[in-house]
Amino acid sequence: MIEAERIFDAREALAETLARDVADELDRAIEAKGRATLAVSGGTTPKLFFEKLSEIDIPWSRVSVTLVDERQVPETSERSNARLVRTHLLRNKAAAASFIPLAGNPDAARVAAFDVAVLGMGSDGHTASFFPGGDRLSEALDAESGKRLIEMTAPGAGEPRLTFTLPVLEQSGRLALHIEGAEKRQVLKQALEAGPEEDMPVRAILRSATPVTLYWCP
Ligand code: 6PG
């Protein structure tokens, strides 16, 4: 469920605060267990957040960065989330972090539990690669599937995808939902109403016991 809403007038302030909050959480995890794992989403929204986070001084050499989901394209493709993270996050101070790609990485499913996972949301109500009409959507949302990382194809997804499943996201130490714009605010409002998770799969996160902090600006 949404435990807290952090609303901002502008995307610069949102990106700075989200970056600070994520860095503080990673710092706490490193203090507690010597390491931290961050999972981020792709798409267009997180770029500024990535750039702000890359500049914050934490023990990045003790941080593993991975993706919540990935488009199954080469890293040279503009559509690659790995390319997005390598370009905008794994630079400056954060260049010292280790990166765990999903595409072509047989070990990706064995990544440690996420200390922080930052989710986005599409205007169709998807999050991660939990797309309406996804061929393995019910498996992705099934608490008993035993699956951690699965392939997904869906009408609205473009390329075939790889996505961590709902149980993996729910095990995160901290979940953030980062969306921007009036349209997505309206989509979130609709997702918070009653209705099937299959229609708006972000509902599975919103109805989960795992607390989510919403970060939004117009
Ligand atoms: C992806 C993301 C996905 C994203 C939403 C929102 O690979 O596309 O992981 O879940 O968060 O599609 O994308 P935008 O930020 O581009 O609206």
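Remember, it's a predicted structure, so these values are computed and weren't measured experimentally.

### Brief notes about the pattern of salt bridges
Piece 1. Applying the stated criterion across every chain yields a total of 19 salt bridges.
Piece 2. Between Glu16 and Lys52 there is a salt bridge; the shortest N-O distance is 3.4 Å. Residue Glu16 is found in helix α1 (residues 11-33), and its partner Lys52 is found in helix α2 (residues 47-54); the two are separated by 36 residues along the sequence.
Piece 3. Assessed through its relative accessible area of 17%, Lys52 is described here as buried.
Piece 4. Lys33 is paired through a salt bridge with Asp115; the nearest N and O atoms lie 2.8 Å apart. In this pair, Lys33 is assigned in helix α1 and Asp115 in the loop between β5 (98-100) and β6 (116-119), connecting sequence segments 82 residues apart.

### Considering the site of the ligand
Piece 1. Near the ligand there are 14 residues, and of these Thr44, Thr45, Asp69, His126 and Lys184 occur at the shortest range.
Piece 2. Take Gly42: an N or O atom from its main chain is 3.2 Å from an oxygen atom of the ligand.
Piece 3. Coverage of the ligand by the protein amounts to 88% of the 410 Å² it exposes when considered alone.
Piece 4. The pocket occupied by the ligand, as judged from atoms lying within 2 Å of grid points, is the largest pocket.
Piece 5. Residues belonging to the shell around the ligand are distributed by class as follows: 2 nonpolar, 8 polar and 4 charged.

What counts, and where the lines are drawn
- Starting afresh in each chain, residues are numbered from 1 along the sequence in its written order.
- Residue-level local features of this predicted model are given only where pLDDT is at least 70; pairs of side-chain atoms are given and counted only at 80 or more, and the full residue set underlies all totals for whole chains, interfaces and linings.
- Side-chain numbers here rest on the full set of heavy atoms in the structure, without hydrogens or water.
- Salt-bridge detection follows one rule: a side-chain nitrogen of Lys or Arg within 4 Å of a carboxyl oxygen of Asp or Glu.
- Strands are runs of DSSP state E lasting at least two residues, helices are runs of H or I lasting at least four, and both sets are numbered from the N terminus onward.
- Note on exposure labels: buried denotes an accessible area under 20% of the residue type's maximum, exposed denotes more than 50%, and partly exposed covers the range between, all computed with a 1.4 Å probe on protein chains only.
- Proximity is defined per residue: any heavy atom of the residue falling within 4 Å of a molecule or strand makes that residue near it.
- Polar contact is the term for a pair of N or O atoms within 3.5 Å; when the atoms are in protein, one must be able to donate a hydrogen and the other to accept it, and sequence-neighboring residues count only if both atoms are side-chain atoms.
- To measure how exposed things are, a 1.4 Å probe is used in the Shrake-Rupley method; for residues, cover is taken only from the protein chains shown.
- Using protein atoms alone on a 1 Å grid, points that fit a 1.4 Å probe yet trap it form a cavity, whereas open point sets bounded by protein on both sides within 12 Å along at least five of seven lines form a pocket; residues with an atom within 4 Å of a point count as lining.
- Those molecules having more than half of their atoms within 2 Å of a cavity or pocket grid point set are described as sitting in that cavity or pocket.
- Asp, Glu, Lys and Arg are counted as charged, while Ala, Val, Leu, Ile, Met, Phe, Trp, Tyr, Cys and Pro are counted as nonpolar; the rest, among them Gly, fall into the polar class.

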